[in-house]
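# Breakdown of the fold
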Amino acid sequence: MATITAAHFVSRASHVSSETKASPVGLQAQSLSHHGLRAVNTVDKLQIRTKAKAIATRAVKKSQAVTESPSSAKIVCGAGMNLVFVSSECGPWSKTGGLGDVLGGLPAAMAARGHRVMTVCPRYDQYKDAWDTCVFVAIQVGDKVETVRFFHCHKRGVDRVFVDHPLFLEKVWGKTGSKIYGPTTGIDYRDNQLRFSMLCQAALEAPRVLNLNSSKNFSGPYGDDVLFIANDWHTALLPCYLKTMYQPRGFYTNAKVAFCIHNIAYQGRFAFADFSLLNLPDSFKGSFDFMDGYNKPVKGRKINWMKAGILESDRVVTVSPYYAQELVSGEDKGVELDNVLRTKTVTGIANGMDVQEWDPATDKYIDVKYDATTVCRHSPSIIASLDYYNKGGDVDCYSYCGVSGHGCKAIVEGSTSSRVRIASGQEHSCVWIHWQIGRTESCCFKLICDGFWVQGTGKKYMEEQIEQLEKLYPDKVRGVAKFNVPLAHMITAGADFMLVPSRFEPCGLIQLHAMRYGTVPCVASTGGLVDTVKEGYTGFQMGAFNVECDAVDPADVQKIVTAVKRVIAAFGTPAVEEMIQNGMAQDLSWKGPARLWEKMLLGLGAAGSEAGVEGEEIAPLAKENVATP
């Protein structure tokens, strides 16, 4: 067991080796008992309670003695960079949307290029493949000193590190998807600032205190020459702590921080009086200081975590080139941080997708596998599979009015970005369906299908709209207001077209999944939808929607109607068949984005950074990792 208690002075000699397939070091011969938060034993518990102070004193003294000496742990170095991704989510262990997908896919792609890669995220659950490293770190959180420990596994060439503490594990307990940030959607935990302050500090400790030996190419601690990639507001304190707690004391002197914005609508705005909870010098108040016209969480002056992350990091990145342009275009798209972003260079790199999980040739959720050569013959069997979700089969979800009896099937998909601010795909979809069904003179609805599938999660009132649609039109609509992986795969595979009517979308995955499965996307012209869907080549663009209204703009509904009429007119023509082939022929994996990320990170000039090489991922996709409590 190793205990490190001074976040400012870390002993380089107090590392404990962690092997993915080995039992936790120091616990092999001890019986374990379950205490609700983690697997602990009585000896472990007694040592933590009675010897913490003594161990802390020894650790500090040892740290001071060996600070200037090299690490005693054996280090095997490969080429490339030492990269540490820090995030509140990391798929498949924890995920509420695109952030978790990125942390699941991009690090593995960077590891495939020969870089040494670590991810650090909270341990929200009893992950069955992550071992206790028995390394403890005591850090200052608010006005208390809290002890955290690290769990670790090595998957797809990446060191996956999980920060263990009751602030994370006690709150979620087996329901990662819905309780990461609050008890229900739209309601935050009151101590989120403390939780993510802890995450940032723990992430700065992990590269120095963890002696990881799971890779044949790398061994030992990551050390000081690292590049941190902080993701969204939850990790915005990392560059601040780096500058105040480490670099003045000679640690991480060559380290750099890239701050990635996945969704600027979530910024971490809190009462200005809460600045004292962050344990930062007053000189940082200017980076956090923020005024807006809203009364939440308090009226008037606030602190803004994302603003500080933007200003204090060495580089700002976001998830698509067009979204980068939108962020600096004005207050509506930049969500009141456009003026701050204009002081920095914002690099936009479009996301990739997980081509192992989303592959029509191997997809375990669809009965008939297919590829680009058989794409036109797969639909009937997949449609039959969808009948399982048809609640009695009263709704004929797809009509067959196309050429040669093959129907035109349009799926209205609630984009995952519906959690963003006022609305996205769901709200427009619901209003449009109301409008189409209610207009007897309209033939557009009848041409599209005899029924609609609407799937998505988001703000409560949007989920209620989806459920209400089914009640109002039981013979026309099926609404699924929950996260359902098999259904999402079957809808994507069984559709001819995917409608994505988002007000704004930083990057988006729905359209990538659709193209991968030969489903032609029809998307709003915003963010990553512009970068990834090419009009007339891989899909259809509907135009940009109004982002400043409190309700759906009728003009936006008309844009959807016009676009769908274009889709219907093109259905069955060689043009659509060509779009299908063009979409499926693309490399939508993380390989391309990883090359661009590498180029950007090398430009930061961190010590020891070297370019990587082209390579394949080291191991297959990690399986489901959430253990049953």
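About the cut-offs
Residues numbered from 1 in each chain as written. Predicted model: local features only at pLDDT ≥ 70, side-chain atom pairs only at ≥ 80, totals over all residues. Heavy atoms only, no water. Helix = DSSP H or I, 4+ residues; strand = E, 2+ residues; numbered from the N terminus. Buried < 20%, exposed > 50% of the residue type's maximum accessible area, 1.4 Å probe, protein only. Areas by Shrake-Rupley, 256 points an atom, 1.4 Å probe, with all protein chains shown as cover. Polar contact = N/O pair within 3.5 Å; in protein donor to acceptor, adjacent residues only side chain to side chain. Pairing = 2+ DSSP bridges. Axes fitted to C-alpha atoms, helices over the stretch in contact; angles between N-to-C directions. Contact = heavy atoms within 4.5 Å. Phe/Tyr/Trp six-rings, centres within 6.5 Å; stacked < 30°, edge-to-face > 60°. Lys NZ or Arg CZ within 6 Å of the ring centre and 35° of its normal. Core = buried A, V, L, I, M, F, W, Y, C linked by side-chain atoms within 4.5 Å. Parallel < 35°, antiparallel > 145°, perpendicular 65-115°, else oblique. Nonpolar A, V, L, I, M, F, W, Y, C, P; charged D, E, K, R; others polar.

The name given to the protein in an unreviewed UniProt entry is Starch synthase, chloroplastic/amyloplastic, with the source organism recorded as Linum tenue.

The subject of this paragraph is the overall build of the protein. Each helix and strand in the protein was counted, giving 22 helices and 23 strands. In the protein, which comprises 629 residues, the proportion classed as buried is 58%. Here the protein displays about 24,700 Å² of accessible surface, and carbon together with sulfur accounts for 54% of that area.

Relative to the helices and strands, Asn-211 resides in strand β10 (residues 210-212). From its side chain, Asn-211 meets the backbone nitrogen of Gly-220 in a polar contact 3.5 Å long.

Attention shifts here to the sheet that holds strand β15 (residues 301-304). Read across the open sheet, the three strands follow the order β13-β15-β14; overall the sheet is antiparallel. With one partner strand each, in any of the chains shown, β13 (269-271) and β14 (289-291) form the two edges of the open sheet. Averaged over all pairs of adjacent strands, the angle between their axes in this sheet comes to 50°, without regard to strand direction. Direction of pairing for β14 relative to β15: antiparallel, over a ladder of three bridges. If you follow Met-291 over to β15, its bridge partner there is Arg-301. Sheet strands touched by helix α9 (residues 305-312): β13, β14 and β15. Its angle to β15, the strand with the most contacts, is close to 50°.

Turning next to the packing of aromatic side chains. Summed over the entire model, instances satisfying the criterion amount to 15 aromatic pairs. Ring geometry for Tyr-124 against Phe-168: centres 6.1 Å apart, planes inclined by 85°, an arrangement best described as edge-to-face. On the criterion of sequence distance, the pair formed by Tyr-124 in the loop between β6 (116-122) and β7 (131-141) and Phe-168 in helix α4 (residues 166-172) is long-range, its members being 44 residues apart. Across this residue pair, the class does not change: Tyr-124 and Phe-168 are buried. Measuring from ring centre to ring centre gives 5.4 Å for Phe-228 and Tyr-252, while their planes differ by 75°; the resulting arrangement is edge-to-face. Of this pair, Phe-228 sits in strand β11 (residues 227-231) while Tyr-252 is found in the loop between α7 (238-246) and β12 (256-261), placing the two residues 24 residues apart along the sequence. Put simply, the rings of Tyr-181, Phe-196, Trp-233, Phe-270 and Trp-305 pair up and form one aromatic cluster. A cation sits over an aromatic face here: Arg-123 above Phe-151, 3.7 Å from the ring centre.

Ranked by internal contacts, the top residues of the largest apolar core, which has 106 residues, are Phe-150, Phe-228, Phe-288, Trp-305, Trp-597 and Leu-601. Per-element accounting of this core gives the leading share, nine residues, to helix α6 (residues 192-209). When near neighbours in sequence (up to four residues on either side) are disregarded, Trp-597 contacts Leu-106, Met-110, Ile-229, Cys-260, Val-317 and Ile-349. Residues Tyr-517, Val-523, Val-564 and Leu-588 belong to the second largest nonpolar core, which totals 39 residues.

Direction vectors running N to C along helix α3 (residues 98-112) and helix α22 (residues 591-602) enclose 75°, while the axes themselves pass 9 Å from each other. When the axes of α3 and α22 are compared, the pair comes out roughly perpendicular. Each of Leu-106, Ala-109 and Met-110 in α3 lies in contact with α22, whose residues at this interface are Ala-594, Trp-597, Glu-598 and Leu-601. Looking at the contact of α3 with α22 residue by residue, the classes come out as six nonpolar, no polar and one charged.

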